[in-house]
Structures are given as structure tokens and as C-alpha cells.
Amino acid sequence: MSGWPIGSVRATTPRETPPPAESPRTAKAMVITWGRRVLVVALVGYVGYQLYSRWHEVSETLLSLPWPTLVLSLACVFLGMLLIPIVLQVLLTDLGTPVRVRDAAKIVLVGQLGKYVPGSVFAVLMQMELAKAVGVSRSRSFTASLLAVGVGVIASLLTGILALPAFFRGSHEVLWLFALLPIGLVFVRPKPLTWLVSLMLRLLRRAPLEQPIRGAAIGKCIGVSVVVYLLWGTHMYLLTSALGYSSGTTFVLCVGALGLAMTAGIIAFFLPSGLGARELVIVTALTVVMPSGPALALAVVSRLMFTVGDLASAGGAALFAYLSDRRTSALAVPAESSTVG
């Protein structure tokens, strides 16, 4: 016998070890998760009730939309989405990691499907993994993705200014979004933006930026983003004009409304693809020129079109990248064979 008391040996066996208590962080995560689920269910229920209570107006509006208008409107959504990868490509190139347009398209358009999971972090994680597959480090793609979101918010608020007169006249619920614009205009300049990104990287214990962010890259990204919101505003204007609300004022309102709607969707990151937040802004804006029933119907149609556009652009980007990779591999094989011979 070794002299150790039997009780001491039994006390140290795994069977007798008490289970660890649940950490406060785990409990907090569960509360946040269930709170998000309850919020999504409540929001979906509210939207469903609004559709039910106004179904007569909504159904009449949906049936009155002609197919050519729907096709053109969807095309504007799709064209806007195809321009978004340019923003990421410009930012990655400026950060010192150039990528091809097809790779940026795959990262953005396929990765953005993660936004349909409550919590936009899933979209960022998907984009980081897709970027890693084409040789971009996770930290670099994370930085570029956050910069792209920030640039998109600034561009959306700039286009949202077009809708300010309408919101001042009849709808004040979303004016608080413009409080973000002065802050964004300060930090969108190269030196403050570089300082902010470097601070964020230090907090995350990541390598600092190798070079400062250039103003030309920021300006190009904002310009492309503004064109995207103009296309999406045109998408909404085509729908409103099909109902007889066609004027220059309505076009400006639609462009501004879509810009603000996208900002609201980004802020409401805990909702799948900003569900409800975007529609609230669109309905609030459109009720300046039309009844609430048709406005709600157009918001629903817009949501469906963006969902179709997300799926189609993601599938198209993935297929294009796959075919391009196969073509590159096929061209490389004969070249290697001739070298060996």
C-alpha cells in the first residue's frame, strides 16, 4: 500500500468531481438568443397582422403591378447588387491585398447570405472564410468588410438626404438616423478613418495597417455605393409609377427612402436581413405620397425582390467563380505538359 487514504483517492476521481456551474456568460448568451428569437417572432407577427388588416388594399396593389414593370424593377435590384463587390475589391486593394472582381463577387455576394441568419456576424464570418479561400487573411477581410459597411452607411445617408423634405412634412420617426451622418463624415476622411481602424485592430490584437487608407479609395467606394442606391431607388420608383405615382418628387423620395431603409437594416443587425426595419422606413416614406395599404404592398414586393436578387447573385457569383477556376485549371494542364515534354 502506498499509504494514501482511500477516501483521498476517491475524492480525486472524476466521478466524484462536481459539475462546473454554468458561467454567467453562457446564461447571458442564452438570454440574448431567446430575446432575439422572441423579437423576430413578434416582428413577423406584427407584419403579418398589418398585412391581414390591410389585405384588401395590399392584394389590389399586388394584382395591379404589370409584369414588365416587375421585371425592370428586379433588374435594377440585381444591377445594384452586382456593383457592390467593386467596393470590397477597391478596399482590399487599398489595404495591400489586391483581388480579382470575380473573387470579390464570390466573397460579397455569397457571403451576404449569412445576413438571413439573425445577427449580421454570420455574414461577416462567411465572408472571412470565403476570402481565406482566395488568399486573403481573415483579419484583412474582416477590416475590409467593416470598412465596406461604414462606407455603405455614409452613402445611404447621403442619398437619404433627398427624402428629408418629405420626412419633415409628414414622418419624423426615422429622422434620428441622420444623427449618424456628421459622425460618419468626420471618420470617413483618410486620417481619422485610418486611426479608427488601427485602434480597432489593436483592441482585437491584430496586426496594424501596413499603410494609411487613401482618400481616393474612399471616394471611389462612396461613389459606387451612391450609384447602387440610385439603382435601388429606381427599383422602388418603377413600382410606385405603376400605381400612378410618377413625378420627380416621388423619384427623389424613393431614392432617399431606399438609402435610409438600408441604413436601418444595418443598424438592426439582430434581425435577419434587417427584416421589419427596412420595411418600416419604406412604408413611412411612401405614405407621404400614397395610402398606407399600397405602401405596405410595395414594401413587401421590394423585400421579395431583394431576396430573389440575393439568391440569384450569390448563385451566379459562385457559378462564375467555379467555371473560371475550371477554365484556368484546363489551360494550366497543357502548359505544364508542354514544359515537361
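Rules of the game
- Residues numbered from 1 in each chain as written.
- Predicted model: local features only at pLDDT ≥ 70, side-chain atom pairs only at ≥ 80, totals over all residues.
- Heavy atoms only, no water.
- Helix = DSSP H or I, 4+ residues; strand = E, 2+ residues; numbered from the N terminus.
- Buried < 20%, exposed > 50% of the residue type's maximum accessible area, 1.4 Å probe, protein only.
- Contact = heavy atoms within 4.5 Å.
- 1 Å grid on protein atoms, 1.4 Å probe; cavity = no way out; pocket = protein on both sides within 12 Å on 5 of 7 lines; lining within 4 Å.
- Points joined across faces, edges and corners; volume = space filled by probe spheres on them.
- Nonpolar A, V, L, I, M, F, W, Y, C, P; charged D, E, K, R; others polar.
- Phe/Tyr/Trp six-rings, centres within 6.5 Å; stacked < 30°, edge-to-face > 60°.
- Lys NZ or Arg CZ within 6 Å of the ring centre and 35° of its normal.
- Patch = residues over 30% accessible without salt bridge, like charges linked within 9 Å, V, L, I, M, F, W, Y side chains within 5 Å.
- Areas by Shrake-Rupley, 256 points an atom, 1.4 Å probe, with all protein chains shown as cover.
- Salt bridge = Lys/Arg side-chain N within 4 Å of Asp/Glu carboxyl O.

Undergrad: Would you explain the overall build of the protein chain in this entry?
TA: Helix and strand content of the protein chain: 14 helices and zero strands. In sequence order, the protein chain lays out its α and β elements as α-α-α-α-α-α-α-α-α-α-α-α-α-α. Residue burial in the protein chain is summarised as follows: out of 341 residues, 42% are buried. Counting only contacts in the protein chain whose residues sit at least 6 apart along the sequence, the fraction spanning at least 24 positions is 73%.

Undergrad: Explanation requested: the layout of surface pockets in the structure shown.
TA: Unfilled space is identified by rolling a water-sized probe across the atoms. What the second largest pocket holds in volume is close to 590 Å³. Contributing to the lining of the second largest pocket are 18 residues, with Leu 146, Val 149, Gly 150, Val 151 and Leu 196 lying nearest its centre. For the lining of the second largest pocket, the elements supplying multiple residues, two or more each, are helix H7 (138–160), helix H9 (180–187) and helix H10 (190–203). Per-element accounting of the lining of the second largest pocket gives the leading share, eight residues, to H7. Looking at the lining of the second largest pocket residue by residue, the classes come out as 15 nonpolar, three polar and no charged.

Undergrad: Would you mind going over the packing of aromatic side chains with me for this structure?
TA: How two aromatic rings sit relative to each other is set out by the distance from centre to centre and by the angle between their planes. Per the counting criterion, the structure on display carries three aromatic pairs. Their ring planes at 75 degrees and their centres at 5.7 Å tell us that Tyr 229 and Trp 232 sit as a pair that is edge-to-face. On the criterion of helical spacing, the pair formed by Tyr 229 and Trp 232 is a turn pair, its members being three residues apart in helix H11 (residues 215–242). Owing to a relative accessible area of 7%, Trp 232 belongs among the buried residues under this scheme. For the ring pair Tyr 237 and Phe 251, a centre distance of 5.5 Å and an interplane angle of 90 degrees mean the geometry is edge-to-face. Of the two residues, Tyr 237 sits in helix H11 while Phe 251 sits in helix H12 (residues 248–267), which places them 14 residues apart along the sequence. Of the aromatic side chains, those joined through ring pairs into one cluster are Tyr 229, Trp 232 and Phe 306. A cation sits over an aromatic face here: Arg 278 above Phe 306, 5.0 Å from the ring centre.

Undergrad: Would you mind going over a nonpolar patch on the surface with me for this structure?
TA: A contiguous nonpolar patch, built from Phe 78, Leu 79 and Leu 82 and spanning about 240 Å² of accessible area, is present on the exposed surface. Here Phe 78 shows up in helix H4 (residues 67–94). Of the residues examined, Phe 78 reaches a relative accessible area of 30% and is grouped as partly exposed.

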